[in-house]
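Examination of the molecular architecture
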Amino acid sequence: MVDAPQGATMGLTPHITIAGNRAAEAIAFYVAAFGATEHERLLADDGQRLMHADVLINGGLLMLNDDFPEYHGPADVGAGPPSGVTLHLQVDDADAWFARAVQAGARVKMPLADQFWGDRYGQVVDPFGYVWSIGAPIAQ
């Protein structure tokens, strides 16, 4: 088990695979879009692909790696993010976080708006195909 960086919460940690050997690009995007702090980066034996990396985003840990097709079978294609998965960020200022993500290159999937459940909420898709929802309580 990887030791969590200072400030990371314990519990469930998403671990995503970035297709096309672009995990290093993903880290740079998450730094720009979500204020991520890189904690660890381990290269594979080939010296090119990232075997493991983790970043701290808004108090939570996200682990990621490049795809290694030589380690999975034909049913496990590893070609990108699975459908039906959304990474959620509960933040202090949804407008600022949403704008920063779009500025960094995320595509708007669901425009930011006040929702009936009491959050200002929207969704973006990062350049690697992962859906991120961003929410904050509506200011009263």
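A few points on the structure. Numbers given to residues run from 1 along each chain, matching the order in which its sequence is written. Restriction of local features to residues with pLDDT of at least 70 applies here, the model being predicted, together with a cutoff of 80 or more for giving and counting side-chain atom pairs; totals for whole chains, interfaces and linings are based on all residues. The side-chain figures draw on all heavy atoms in the structure; neither hydrogens nor water molecules are used.

**A look at the overall build of the protein chain**
Worth spelling out the cut-off: Numbered from the N terminus, helices here are DSSP runs of H or I no shorter than four residues, and strands are runs of E no shorter than two. Whether a residue is buried, partly exposed or exposed follows from its accessible area with a 1.4 Å probe, protein chains only, as a fraction of its type maximum: under 20%, in between, or over 50%, in that order. Only heavy atoms enter the contact rule, under which two residues are in contact if any of them lie within 4.5 Å.
On a plain count of helices and strands, the protein chain comes out with two helices and eight strands. Sequence-ordered secondary structure for the protein chain, helices as α and strands as β, is β-α-β-β-β-β-α-β-β-β. Within the span of the protein chain, comprising 140 residues, buried residues form 39% of the whole. A separation of at least 24 residues holds for 53% of the contacts in the protein chain among residues at least 6 apart in sequence.

**Concerning the side chain of His52**
What counts here: Between N or O atoms, a polar contact is any pair within 3.5 Å; within protein, one atom must be a potential hydrogen donor and the other a potential acceptor, and residues adjacent in sequence are included only when both atoms are from side chains.
Tracing the chain through its elements places His52 in strand β3 (residues 50-57). For His52, a relative accessible area of 10% puts it in the buried group. There is a polar contact of 2.9 Å between the side chain of His52 and the side chain of Asp54.

**Here's the deal with the sheet that holds strand β5 (residues 86-90)**
In plain terms, the rule: Strands are labelled as partners when DSSP assigns at least two bridges between them. To get an axis, fit a line to the C-alpha atoms, keeping to the stretch in contact for a helix; angles then go from 0 to 180 degrees between the N-to-C directions.
On the basis of which strands lie adjacent, the open sheet formed by four strands has the order β5-β8-β7-β6 and mixed pairing. Of all the strands in the sheet, the pair left with one neighbour each is β5 and β6 (107-114). Going across the sheet, the axis of each strand differs from the next one's by a mean of 15°, ignoring polarity. Of the strand pairs in this sheet, β5 and strand β8 (residues 131-137) are connected by five bridges, and their pairing is parallel. The residue bridging Thr86 from the neighbouring strand is Val131, located in β8.

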